[in-house]
Structures are given as C-alpha cells and as structure tokens.
Amino acid sequence: GRPGTYGSTGASHLRERRLPVEAHLVNAALDAIKNKYGYKRMQLTGLSGGGGLVGAVLTLGRTDIDCAVAASGALSIKTRSRLLASKEAQRGQDQTGQPLSAVYDPIDHVAGIKPDNQRRVFVLGDPQDSAVGFDSQEEFQQKLVANGTPATLLTALATDSKHHELAPEALRVAAWCKAGVADAQIQAWLAEGKKK
C-alpha cells in the first residue's frame, strides 16, 4: 500500500501523496525489504496511485526489478488532470489537491530509468478508464519506448463503473511475467479473462 494507507506510517497519505517525498519513501522501503529478506530482485505491481509509484520508482534508477506492472496508473499526472478537466485541474492541482508544479510526475522523469535487460515493464489499463484516463497511461508507455526503455501496453476490461479496478489483473500479469510468458500471450489471456 501507499505510505499512510492501511495503517502504515512514514508519510501522510492525504498531505504528501504524489510529492517527491512519497516516491523516495517507497524507493527506500523497497531497499529495506530487500535488505531484510535478502532479495536480489523484485516484482512490483500497483493500481492507480500505486501504479504511478511503480513508474516513479523506476525513474529513480532501480535496476533490481524483474517485472513492473503499473495498472490504471497515474503515470502522466498533468495529462490526467487535463483529460479529466476537473475543478482541481482548473486551479492547477491534481486530483488529490496537490499543486501540479509540486507533484512527482513519472512521465517527467523517464530519463532517470537505467537500462536493465532483465526487466519487463507493463502499463496495464482499460481504454474506458474514467478515473485516470487511458491516454495518459499510453502516453507514459510511449515515452518509455521513445527513451529506450522497453515497455508493453496491455489492455483489460475492468468491471467497475469507472473501468479502473485492475488489481487482480495486475497480479496475474506479474505472475505470468515472472513465469516467462510472452507479451502477446499475456495480452491474449487478458482479453480472454483468464484467471490463472
């Protein structure tokens, strides 16, 4: 979970989300988890703001991620705000009320991603997502590729009213990734609604 959610500590979920401190805190937490359990490499999945954090920690230069799955992610926050045309966006804020000038917008930092030939990156979304906006997710994936980071854009059908909740699908993609399933097969299984 994001810092400050589900009873965790380290940041105020309401006051510090999407700010640089949140990205750096999650990055440090990953290091602590690795050190505690002796992991060499990890898999990451995140939904919505958590998907944005998956993108953010990649931009902080990690080279220890096997599979990164950003589902329905807030990966291009300024584009998301523009697409949603919300009152917050009109005031120069993201959906959480943070000033757009202060947020850590993953798309602005893709140059910080270091090459890693063992890593697979997936941006997973529903084209009808009305909570984040699929166009912003696609924009992030395209910028990754343009900057030399291989990344696969995947689509799935989210069954909630906003077409946003893809957490179970993200976990499946991570498992398939770790098992070495090809990108095209992963997309085919998502389209079929495969559960395993």
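Keep in mind it's a predicted model, so treat the numbers as computed, not measured.

Quick notes on a nonpolar patch on the surface
(1) Moving on: A surface patch of nonpolar side chains, amounting to about 320 Å² of accessible area, comprises Ile33, Tyr37 and Tyr39.
(2) Moving on: By secondary structure assignment, the location of Ile33 is in helix 2 (residues 20-37).

Section: empty space enclosed by the protein
(1) Moving on: Tallied over the entire structure, the rule returns two cavities of 30 Å³ or more.
(2) Moving on: What the largest cavity holds in volume is close to 80 Å³.
(3) Moving on: Lining the largest cavity are 13 residues, and of these Arg18, Glu22, Gly52, Leu53 and Tyr104 sit closest to its centre.
(4) Moving on: Counting residues per element, the ones that place at least two in the lining of the largest cavity are helix 2 and helix 3 (49-59).
(5) Moving on: When residues in the lining of the largest cavity are grouped by element, the largest group, four residues, is from helix 3.
(6) Moving on: Empty space within the second largest cavity amounts to approximately 30 Å³.
(7) Moving on: What lines the second largest cavity is simply Val54, Gly55, Leu58, Ala68, Ala70, Leu75, Val121, Phe122, Val123 and Phe140.
(8) Moving on: Elements supplying a minimum of two residues to the lining of the second largest cavity: helix 3, strand 2 (65-71) and strand 3 (120-125).
(9) Moving on: In the lining of the second largest cavity, the residues fall into nine nonpolar, one polar and no charged.

Focus on unusual backbone geometry
(1) Moving on: Of note in the backbone geometry, Ser48 takes a positive phi value of approximately 60 degrees without being a glycine.
(2) Moving on: Mapped onto the fold, Ser48 is located in the loop between strand 1 (42-47) and helix 3.
(3) Moving on: Judged by its relative accessible area of 19%, Ser48 falls in the buried class.

Remarks on the packing of aromatic side chains
(1) Moving on: Counted under the stated rule, the structure contains two aromatic pairs.
(2) Moving on: With 5.7 Å between their ring centres and 25 degrees between their planes, Tyr37 and Tyr39 make a pair best called stacked.
(3) Moving on: The exposure class of Tyr37 is exposed, given its relative accessible area of 51%.
(4) Moving on: The exposure class assigned to Tyr39 is partly exposed, which follows from its relative accessible area of 42%.
(5) Moving on: Its guanidinium or amino end placed over the ring of Trp189, Lys194 lies 4.7 Å from that ring's centre, counting from NZ or CZ.

Rules used throughout
Residues numbered from 1 in each chain as written. Predicted model: local features only at pLDDT ≥ 70, side-chain atom pairs only at ≥ 80, totals over all residues. Heavy atoms only, no water. Patch = residues over 30% accessible without salt bridge, like charges linked within 9 Å, V, L, I, M, F, W, Y side chains within 5 Å. Areas by Shrake-Rupley, 256 points an atom, 1.4 Å probe, with all protein chains shown as cover. Salt bridge = Lys/Arg side-chain N within 4 Å of Asp/Glu carboxyl O. Helix = DSSP H or I, 4+ residues; strand = E, 2+ residues; numbered from the N terminus. 1 Å grid on protein atoms, 1.4 Å probe; cavity = no way out; pocket = protein on both sides within 12 Å on 5 of 7 lines; lining within 4 Å. Points joined across faces, edges and corners; volume = space filled by probe spheres on them. Nonpolar A, V, L, I, M, F, W, Y, C, P; charged D, E, K, R; others polar. Buried < 20%, exposed > 50% of the residue type's maximum accessible area, 1.4 Å probe, protein only. Phe/Tyr/Trp six-rings, centres within 6.5 Å; stacked < 30°, edge-to-face > 60°. Lys NZ or Arg CZ within 6 Å of the ring centre and 35° of its normal.

Function cannot be inferred from these measures alone, as they are strictly geometric.
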